[in-house]
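Here is what each chain is made of, one letter per residue.
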Amino acid sequence: MTAQPEHQDVVPPMRTLAELRAALSVWGIPGDADTFEKELADTDLDDLTRVREITQAYRHRVLLRCDPQAMAALMRSSQDVAYELDQKMTEDAR
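Bear in mind that the values here come from a model prediction, so they are computed numbers and not experimental data. (Residues numbered from 1 in each chain as written. Predicted model: local features only at pLDDT ≥ 70, side-chain atom pairs only at ≥ 80, totals over all residues. Heavy atoms only, no water.)

> Is there a simple way to explain the overall build of the protein chain in this structure?
Counting its secondary structure elements, the protein chain contains 5 helices and 0 strands. Evaluated residue by residue, the protein chain yields a buried proportion of 21% over its 94 residues. Taking as baseline every contact in the protein chain between residues at least 6 positions apart, the subset at least 24 positions apart corresponds to 44%. Carbon and sulfur atoms make up 55% of the accessible area of the protein chain, which amounts to about 7000 Å² in all. (Helix = DSSP H or I, 4+ residues; strand = E, 2+ residues; numbered from the N terminus. Buried < 20%, exposed > 50% of the residue type's maximum accessible area, 1.4 Å probe, protein only. Contact = heavy atoms within 4.5 Å. Areas by Shrake-Rupley, 256 points an atom, 1.4 Å probe, with all protein chains shown as cover.)

> Whenever I open this one, the environment of leucine 64 confuses me. Can you help?
The topology assignment puts leucine 64 in helix α3 (residues 48-66). Taking the relative accessible area as the measure of exposure, leucine 64 reaches 29% and is therefore partly exposed. Expressed as a C-alpha distance, the spacing of leucine 64 and leucine 74, which sit 10 residues apart in the sequence, is 9.3 Å.

> What's the story with the pattern of salt bridges in this structure? I'm lost.
Side-chain pairs of opposite charge can arise where the charged atoms are in close proximity. Under the defined criterion, the tally for this structure stands at 7 salt bridges. The partner of glutamate 19 in a salt bridge is arginine 15, with the nearest N and O atoms 3.4 Å apart. Relative accessible area serves as the criterion here: at 21%, glutamate 19 is assigned to the partly exposed category. The residue arginine 50 makes a salt bridge to glutamate 53 at a minimum N-O spacing of 3.3 Å. Note that arginine 50 and glutamate 53 are positioned in helix α3 at a spacing of 3 residues, about one turn of the helix. The partly exposed category is assigned to glutamate 53, whose relative accessible area is 39%. (Salt bridge = Lys/Arg side-chain N within 4 Å of Asp/Glu carboxyl O.)

> What's the story with the confidence of the model for the protein chain in this structure? I'm lost.
It should be kept in mind that the predicted coordinates are not to be read in detail where pLDDT is low. For the protein chain, the average pLDDT comes to 85, and 88% of its residues sit at 70 or higher. Per-residue pLDDT, averaged within each element of the protein chain, yields its smallest value for helix α4 (residues 68-74) (72) and its largest for helix α2 (residues 32-41) (96). (pLDDT = per-residue confidence, 0-100.)

> Please explain the side chain of threonine 43 as it appears in this structure.
For threonine 43, the position within the fold is in the loop between α2 and α3. A polar atom in the side chain of threonine 43 sits 2.6 Å from the backbone oxygen of glutamate 39. Apart from the residues within four sequence positions on either side, threonine 43 is in contact with Arg50, Val51 and Ile54. (Polar contact = N/O pair within 3.5 Å; in protein donor to acceptor, adjacent residues only side chain to side chain.)

Here it is as structure tokens:
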């Protein structure tokens, strides 16, 4: 696992590719930084829409890792989520 800063309420700057690369190296899931670089390398840099899509996707991954509530939601088991959905559907059916 990648070492995480102690205070998860601080979002790293990600205004440039260099800042996003630095954020991925600290906050990214192992392999994110390499996958990001590969996706950028495989993209025509004149296709600004695709470059923006890639950078936004990886920026969003960092933001999720910085949000304790998002990480808690991602760590929930499938059974827990299925149970909660079943409870809500049962309540709605009444």
